[in-house]
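Residue strings, one per chain:
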Amino acid sequence: MIDQLQLPLEKRKPNVAADPKDIELLCEWLIGRGWVRAVAIEAFFPLWKANDHRYIRAIASQSAGRILSFPGSPGYRIALEASIDELWHARNVFDRAGIEAAARKKEIDAVIHRRKP
């Protein structure tokens, strides 16, 4: 029988809940600014800096699609001001991430099924 090393699983930090007022504030502030990096947003809204960009990511994530940002993007911007190419690129990034996550999940499922109870 093979001994299985028990690795401690790190608990994920809880998702950050964005204040709806902050979502509106950032949406209004981003209008006409193009792509804006998180450090520039934090410079203007210093109270948001405490979470190492997490709060700004939460705002974008909870903006109902109004703020565009994705892994590898140049920052944050108003989605309606983005070009069609930028929107498609963002969509494809998330699509690829979902496909990669599903493939990884399938690999983990295979390991689970190989293990004896």
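Because the structure is a prediction, the values reported are computed rather than measured.

**Regarding a nonpolar patch on the surface**
Consideration 1: A contiguous nonpolar patch, built from Ile-84, Leu-87 and Trp-88 and spanning about 310 Å² of accessible area, is present on the exposed surface.
Consideration 2: One can find Leu-87 in helix 4 (residues 84-114).
Consideration 3: Note on Leu-87: relative accessible area 30%, which makes it partly exposed.

**Looking at unusual backbone geometry**
Negative phi is the rule for most residues except glycine; trans is the rule for most peptide bonds.
Consideration 1: Of note in this structure, Ala-64 is not a glycine but carries a positive phi near 60°.
Consideration 2: Of the residues examined, Ala-64 reaches a relative accessible area of 74% and is grouped as exposed.

**Quick look at the packing of aromatic side chains**
Consideration 1: Within this structure, the stated rule accounts for 6 aromatic pairs.
Consideration 2: Where Trp-29 meets Phe-44, the ring centres are 5.0 Å apart and the plane angle is 35°; that geometry is what we call tilted. With Trp-29 in helix 1 (residues 20-30) and Phe-44 in helix 2 (residues 38-44), this pair connects stretches of sequence that are 15 residues apart.
Consideration 3: Under the relative-accessibility criterion, Trp-29 is labelled buried at 12%.
Consideration 4: Centre to centre, the rings of Phe-44 and Phe-45 are 5.1 Å apart; their planes meet at 75°, and the pair counts as edge-to-face.
Consideration 5: Put simply, the rings of Trp-29, Phe-44, Phe-45, Trp-48 and Tyr-55 touch in pairs and so form one group of aromatic residues.
Consideration 6: The side chain of Arg-33 reaches across the aromatic face of Phe-44, ending 6.0 Å from its centre.

**A short note on helix 3 (residues 54-61)**
Consideration 1: Restricting attention to buried positions, one finds in helix 3 the residues Tyr-55, Ile-56, Ala-58, Ile-59 and Ala-60.
Consideration 2: If you follow the buried residues of helix 3, they end up packed against helix 1, helix 2 and strand 1 (67-68).

**Overview of the nonpolar core**
Consideration 1: Counting 19 residues, the largest nonpolar core has Leu-26, Leu-30, Ile-41, Trp-48, Ile-59, Ile-67 and Tyr-76 as the members making the most contacts within it.
Consideration 2: For this core, the secondary structure elements donating two or more residues are helix 1, helix 2 and helix 3.
Consideration 3: Among all residues touching Ile-59, those that are not within four sequence positions of it are Ala-18, Asp-22, Ile-23, Leu-26, Trp-48 and Ile-67.
Consideration 4: Among the nonpolar cores identified, the runner-up in size contains 6 residues, and Leu-68, Phe-70, Ala-90 and Val-93 belong to it.

**A short note on the side chain of Glu-42**
Consideration 1: Inspection of the secondary structure puts Glu-42 in helix 2.
Consideration 2: You can call Glu-42 buried: its relative accessible area is 6%.
Consideration 3: If sequence neighbours within four positions are ignored, Glu-42 has contacts with Trp-48, Lys-49, Asp-52, His-53 and Ile-56.

About the criteria used
Residues numbered from 1 in each chain as written. Predicted model: local features only at pLDDT ≥ 70, side-chain atom pairs only at ≥ 80, totals over all residues. Heavy atoms only, no water. Patch = residues over 30% accessible without salt bridge, like charges linked within 9 Å, V, L, I, M, F, W, Y side chains within 5 Å. Areas by Shrake-Rupley, 256 points an atom, 1.4 Å probe, with all protein chains shown as cover. Salt bridge = Lys/Arg side-chain N within 4 Å of Asp/Glu carboxyl O. Helix = DSSP H or I, 4+ residues; strand = E, 2+ residues; numbered from the N terminus. Buried < 20%, exposed > 50% of the residue type's maximum accessible area, 1.4 Å probe, protein only. Phe/Tyr/Trp six-rings, centres within 6.5 Å; stacked < 30°, edge-to-face > 60°. Lys NZ or Arg CZ within 6 Å of the ring centre and 35° of its normal. Contact = heavy atoms within 4.5 Å. Core = buried A, V, L, I, M, F, W, Y, C linked by side-chain atoms within 4.5 Å.

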